[in-house]
Each structure stands twice: as C-alpha cells, then as structure tokens.
Amino acid sequence: MTDRQVIVRRARAEDIPGLVASSAGLFAEDGGTRDSSVNVDWPREHGAQSFAAALEDPARLVLAVEHDGQVVGHLLASVTGPTEKRTVISATLVSIYVRPEHRRARAGDRLVEEFLDWARRQGAEHAEVTAYAANADAIRFYQRSGFAAMTVTLRQPL
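Counting of residues starts from 1 at the beginning of each chain's written sequence and follows it residue by residue. With pLDDT at 70 or above as the cut-off, local features in this predicted model cover only qualifying residues; side-chain atom pairs require 80 or more to be listed or tallied, and sums for whole chains, interfaces and linings still use all residues. Excluding hydrogens and water, the side-chain values take into account all heavy atoms of the structure.

(A) The arrangement of the packing of aromatic side chains in detail. Here a pair means two rings of Phe, Tyr or Trp (six-membered ring of Trp) with centres within 6.5 Å. Their orientation is stacked below 30 degrees between planes, edge-to-face above 60, and tilted elsewhere. Taken as a whole and assessed by the stated rule, the structure comprises three aromatic pairs. Ring geometry for Y142 against F147: centres 6.0 Å apart, planes inclined by 75 degrees, an arrangement best described as edge-to-face. In terms of burial, Y142 and F147 fall into one category: buried. One aromatic cluster is present, built from ring pairs that chain together F141, Y142 and F147. Residue burial is assigned from relative accessible area. The probe radius is 1.4 Å, only protein chains are included, and a residue is buried under 20% of its type maximum, exposed over 50%, and partly exposed in between.

(B) Main features of the layout of surface pockets. A cavity here means a set of 1 Å grid points, computed over protein atoms only, where a 1.4 Å probe fits but cannot escape. A pocket is an open set with protein on both sides within 12 Å along at least 5 of 7 lines, and lining residues have an atom within 4 Å of a point. Grid points are joined across faces, edges and corners, and a volume is the space filled by probe spheres set on the points. The computed volume of the largest pocket comes to approximately 1,900 Å³. Along the wall of the largest pocket there are 47 residues; nearest its centre are T130, A131, Y132, A138 and Y142. Secondary-structure elements contributing two or more residues to the lining of the largest pocket are α1 (16–34), β4 (90–98), α3 (107–121), β5 (126–129) and α4 (136–144). At eight residues, α4 tops the list of elements feeding residues into the lining of the largest pocket. Of the residues contributing to the lining of the largest pocket, the split by class is 23 nonpolar, 11 polar and 13 charged. Secondary structure elements are taken from DSSP: a helix is a run of H or I of four residues or more, a strand is a run of E of two residues or more, and numbering for both begins at the N terminus. Each residue is assigned to one of three groups, with Ala, Val, Leu, Ile, Met, Phe, Trp, Tyr, Cys and Pro labelled nonpolar, Asp, Glu, Lys and Arg labelled charged, and all others, Gly among them, labelled polar.

Now the structure itself:
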C-alpha cells in the first residue's frame, strides 16, 4: 500500500463510528495486552461521547486516516497550559492507531507530522506522548519522530 492510498485529514462527526472502532483496536492491541487495569470495552462504552466532545473542543485535535471511504486509523491530541505549575503550552498526543494492514503507508508518520504542525500553531513549546515500556515498536516509532524519554512511571501491583 502506498501513502497515496490513505488520506490523513481532520475528523468529522460522521467519522465517529470509525474513530471508535480505531480506538477499540488500540485498546485491544496495546493497553489490553500490556495493562490488566485497562478497560478494553471503554471505547465501545464511552468512545462516541468522548470523540464527539473532542471534535467540538478547539484545544483538541482529532485526525482520521481514511482508506476507500473508511476510517482505518486516528490520532487524538490536546494542548494545555500555561499554568502556574507548568509555565508553557504543552501538546499531548493522547492516542494514535492505524490498522496493521495500513501501517506501511506511512499513515502513522503523517499523523505525527500533522500533530506536531498543529501543536506549533497552538503555540506549544513541547510535545509529549506516553507509551508502554513493553511496547518497543511504539517507542522506536516515537523516537524516529524526534521524541525522547523525559520521565519514567514505575508501578507496583498491590
């Protein structure tokens, strides 16, 4: 598949079912396999409402990856700040997913490029993303896009 066969664009309200399906794919593939505390049904239970709110919020970005008229991936991001604690505007890549059969089309790279351009236009001084430590592929992907480790979250099961 070539990068011309997928379109990266701003999501619209009619994309919500596809965005929910994309989010469900992310939860099943990533969080559901790496973190037993993740509710893998969250996208189906709350995703439509969450994406609808994000589409209306100027501080959030929702992108869709489209192939043959169907949503096959998404990116959700937000900007925050400045605050008294963090004195700069920060952009956070909240979630990103592209169906495995469309990953060779550079859709993920294009989603991140769009996110970074949007973050700069919002006045963000930095962009951040989190990934599961066990997801080496995601970490390599983000590093290729210029992200570097800043913090580490340590967890102890009780």
